[in-house]
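Coordinate inspection notes
These are the residues of each chain, in order.
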Amino acid sequence: MNNLLKTKRVKMTVAMISSYLSILIFVACVEDPEINPFGECGGPQKVNATGLNLFYEPYNNNQYANETDTVRVENFGIYLRIDSEPLADASYPTSSFPGKAYALSCAPNLDFQNITSISITLLAPYGGKAAGTNITSLVTTHEDVKLSDLREFKHSMGQYKLTVNLIPENNSQLKTRTVLKLKNGTDKIIESTSPVLLTN
């Protein structure tokens, strides 16, 4: 009986030590100290914007639609993605344990430090507006904020779903120049053409 109790105690002690060591190793492997590995997400990471891209829905066969595709307007969507890099002084203590671990439920939480504004100009007629028209005030984000009013880039995922509040003509394409204006006075510019849009 005594031997059985001793065996149970040894097993319980070993299990407790193993659990404790597992927790220590798992937490030590988390690279970002603002992320709670057990599910809670921390504060935003300070980053600088380095560029931008536009992507068009629908997304089929692991790729976005491009200017050679033809899509129905109800299936059409636009995503603006801002490329970023961590600030040079945003250093984190390194762990002596190998590997990386992250809270799987956490979406990107970025605090852009260097963005002044984003603007969009038509390169060709669209929805009754002439080429050269600044349509920034006619574009809204997924949070129903006009792009012209977007000045706060904290707690960002680095991606915005955009809606252009213009009605396209049948067989038309949205051709735009998008400008990401940075606080150092430089601009990141992309020109982009949507798929051909079918309205009927």
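Shown above is the structure to which this text applies.
**Overview of the overall build of the chain**
- The secondary structure content of the chain amounts to one helix and eleven strands.
- In the chain, the succession of α and β elements from N to C terminus is α-β-β-β-β-β-β-β-β-β-β-β.
- For the chain, with 200 residues in total, the buried portion stands at 32%.
- A separation of at least 24 residues holds for 70% of the contacts in the chain among residues at least 6 apart in sequence.
- Carbon and sulfur atoms form 52% of the exposed surface of the chain, whose accessible area is close to 12500 Å².

**Details of the pairing of strand β1 (residues 45–60)**
- Across three bridges, β1 lies against strand β5 (residues 110–112) in parallel orientation. Its bridge partner lying in β5, K46 is registered against D111.
- Sheet topology note: the β1/strand β4 (residues 77–86) ladder contains ten bridges and is antiparallel. Bridge pairing links F55 to Y79 in β4.
- Pairing of β1 with strand β2 (residues 63–65), which is carried by three bridges, proceeds in the antiparallel orientation. The residue of β2 that forms the bridge with N60 is Q63.
- Here β1 folds back onto β2 in antiparallel fashion, the turn holding two residues, of which N61 has a positive phi close to 50°.

**Some details on the environment of P58**
- Structurally, P58 is set in strand β1.
- On the accessibility criterion, P58 (23% relative accessible area) is partly exposed.
- Residues P58 and P195, 137 residues apart in the sequence, show an inter-C-alpha distance of 9.7 Å.
- Excluding residues within four positions of it along the chain, P58 makes contact with Q63, Y64, A65, V71 and N75.

Cut-offs applied
Each chain carries its own residue numbering, running from 1 in the direction its sequence is written. Note on the predicted model: pLDDT of at least 70 is required for a residue's local features to be given, and 80 or more for side-chain atom pairs to be given and counted; whole-chain, interface and lining totals, by contrast, use all residues. Neither water nor hydrogens contribute to the side-chain values; these are computed over all heavy atoms in the structure. Each helix corresponds to a stretch of at least 4 residues labelled H or I by DSSP, and each strand to a stretch of at least 2 residues labelled E; elements are numbered beginning at the N terminus. Categorising residues by exposure relies on relative accessible area from a 1.4 Å probe, with only protein chains included: less than 20% of the type maximum marks a residue as buried, more than 50% marks it as exposed, and the intermediate range marks it as partly exposed. In what follows, residue pairs with any heavy atoms lying within 4.5 Å of each other are defined as contacts. The accessible surface values rely on the Shrake-Rupley method and a 1.4 Å probe; as for residues, cover is taken only from the protein chains in view. For two strands to pair, DSSP has to find at least two bridges joining them.

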